[in-house]
Amino acid sequence: MKRNVIALVLSVGALSGCSSMFYGSAEEKANALYQQAQTQIEHAELEDSATARLAGYQDAVATRQRIIEKYPTSSIAVGLTSGQMAINEMSADQLVAQVDRVKESFVPAQDLVLLRFVLNDERHVDDQALLEYYLQGQWERAEQFLLFALSERDYDVNYWSDFYQVQQWNEAVGNTRTILENNGTATYESTDFSDIYRFDEQLIERALASGDLSTLASDVRADREALVYRLIARGNVIEAARIAVSSVYDDDDRVNVFNALMYAIARYPEQAELVIATVHASLAANPTDEFTSILSPVRVYPDSEAAIAYEQMRLGRLALRLTNYGGDLEYSYILARHRRGANQFAELLESYLLLGQTEKAERVFADVVAKAQEHLSPEDYKLILYRAYVLMGRSDEVEHLLLDELSEYQSHSFTYSMRLYDAFLQAKDATARGNRKRAAELLEKGLSAPLEADRSSPEFNWVLEQMIVAQYLGQIELGPRHYDPLISAYRQLLYFPRSPLETEGIDLTYFYHEE
């Protein structure tokens, strides 16, 4: 018994000694983690990459929390918890706030429209962003952007851009009043938009209830395009289409309202068939030269009978335009002299592919290549037809030349844009098959392709437009991993890039919301 008591006393003494030993170890380990957190913050502050900067601050937050959770009795944990200690002179709240500030820079990564604005300093960039948000039906984001532009950029209507179309949309969704209340600009004050674009909602309701839209088009004190946009904003897309085909006559205006309708059917699938058929009938009876500026409905609903019929009409127009331009489909010298001809040929191939006529596309492509081979070297015609090769899934044939005979084009802006286009098409396909991770990887690879450029690229702007539409339709997703390569490409390839200082000075709190 005595031996057991002695053993128990010795055990307690040993535990007491161990406690002291473990306490000292906890202090050492907490201190090591504290030094690690300091280093993480120091490295983050030196990073040019927003991705790496965010990772560094997030690591520091996680390290701080680890100290508190694993070694709560250590003097460092007590000091951090009480607020008496900071890490690199940053309290817990300051560190979290810094993480949020860096996160703000990623807001544009999920929104190509906003990213284009943040990095672009063209004169019409405000109107361009507003117009894209209106087309996509993003009323809340449009209002956020409008308030931002009024507060931060002294927004005014811009005659160099889509002036009237933007103003028609502003009134259609009630934002002209917002502009007048927040910033009574000279342009708005000199033209009483509130009178020109006045909507009598009761009159609209009566016309919709009776089904007699003829009186609506003549009685509402607004131009016809603004009325179309108002009906779209209300969700009355079929009625908007009827007003558009019966009351809008100018070619540019027709293209604008028809394009808005095609965007809208993505949000109102139950109205899509009738809207597509209505627009199709109007364009068949009264064609417009700018028909390619209208979003093709088969991109939105590839299995829709009305969309397929529309695309067949569009295919005929593309073929006619191309033969008028080149004499026949088997032309070569025009391709050699004008990339525009090659782009029109690619649009024709794409239309065949959208309609599922792959064999026809392959035959036409083979015919043009055979004709080109009679007059041009492979280096010439394959580079000229790069976009067509991408569409036909044969970009590797161009890539082979880029590694050898065309090595001087390896990091050219045109090559970069076509590689991005290739990655974009593959990412769309991966997304459609449900493999979003693979889609993200493909986009990152395309955006990270070699690039050495000091001038703008129309091809890059064109690919970005394709990506903006695809993002709206849910066909691709962009995230923080795409931010850095997008920034790099934008700054090299835009016509009027903002300086990094200007970019960092843009307050994105209007758009930033913690998920």
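Analysis parameters
Residues numbered from 1 in each chain as written. Predicted model: local features only at pLDDT ≥ 70, side-chain atom pairs only at ≥ 80, totals over all residues. Heavy atoms only, no water. Helix = DSSP H or I, 4+ residues; strand = E, 2+ residues; numbered from the N terminus. Contact = heavy atoms within 4.5 Å. Areas by Shrake-Rupley, 256 points an atom, 1.4 Å probe, with all protein chains shown as cover. Phe/Tyr/Trp six-rings, centres within 6.5 Å; stacked < 30°, edge-to-face > 60°. Buried < 20%, exposed > 50% of the residue type's maximum accessible area, 1.4 Å probe, protein only. Axes fitted to C-alpha atoms, helices over the stretch in contact; angles between N-to-C directions. Parallel < 35°, antiparallel > 145°, perpendicular 65-115°, else oblique. Nonpolar A, V, L, I, M, F, W, Y, C, P; charged D, E, K, R; others polar. Core = buried A, V, L, I, M, F, W, Y, C linked by side-chain atoms within 4.5 Å. Left-handed = near helix turned anticlockwise from the far one by under 90°.

### Things to note about the overall build of the chain
Counting its regular elements, the chain contains 30 helices and 0 strands. Across the chain, contacts joining residues at least 24 apart in sequence account for 71% of those joining residues at least 6 apart. Within the structure as shown, the chain displays about 24600 Å² of accessible surface, and the carbon and sulfur contribution to it stands at 49%.

### Considerations on the packing of aromatic side chains
The final tally for this structure, using the stated rule, is 10 aromatic pairs. Aromatic pair Tyr134 and Trp169: ring centres 5.6 Å apart, planes at 15°, arrangement stacked. Within this pair, whereas Tyr134 is found in helix 6 (residues 125-135), its partner Trp169 is found in helix 8 (residues 163-172), the two being separated by 35 residues in sequence. As far as burial versus exposure is concerned, Tyr134 and Trp169 are alike and both buried. Relative to Phe414, the ring of Tyr386 has its centre 6.0 Å away and its plane inclined at 75°; by these criteria the two rings are edge-to-face. A residue pair is termed long-range when its members are at least 10 positions apart, and Tyr386 in helix 24 (residues 386-391) and Phe414 in helix 26 (residues 413-432) qualify at 28 residues. Of the two residues, Tyr386 and Phe414, both sit in the buried class. Taken together, the aromatic side chains of Tyr134, Trp139, Trp169 and Tyr229 make up a single cluster linked through ring pairs.

### Focus on the packing of helix 12 (residues 201-210) against helix 14 (residues 224-234)
Closest axis-to-axis distance for the helix 12/helix 14 pair is 13 Å, and the angle between their directions is 75°. Put simply, helix 12 runs roughly perpendicular to helix 14. The residues of helix 14 that touch helix 12, namely those facing Glu201, Ile204, Glu205 and Leu208, are Arg230, Leu231 and Arg234. Considered class by class, the residues forming the contact of helix 12 with helix 14 number 3 nonpolar, no polar and 4 charged.

### Quick word on the nonpolar core
Note on soluble globular proteins: their nonpolar side chains tend to be buried together. One finds Leu261 and Met467 to be the most contacted residues of the largest nonpolar core, which totals 125 residues. Residues within four places of Leu261 in sequence aside, it is in contact with Ile232, Val237, Ala240, Ala241, Ala244, Val275 and Val279. Grouped together as the second largest cluster of nonpolar side chains are 21 residues, Tyr71, Ile87, Leu95 and Val99 included.

### A closer look at the packing of helix 14 against helix 15 (residues 237-247)
Where helix 14 contacts helix 15, the two axes come as close as 8 Å, and the packing angle between them is 165°. With respect to their mutual orientation, helix 14 and helix 15 come out roughly antiparallel. In this structure, helix 14 crosses over helix 15, and the sense of that crossing is left-handed. Contacts from Arg224, Leu227, Val228, Leu231 and Ile232 in helix 14 reach Val237, Glu239, Ala240, Ile243, Ala244 and Ser247 in helix 15. Residues of the contact of helix 14 with helix 15, tallied by class, amount to 8 nonpolar, 1 polar and 2 charged.

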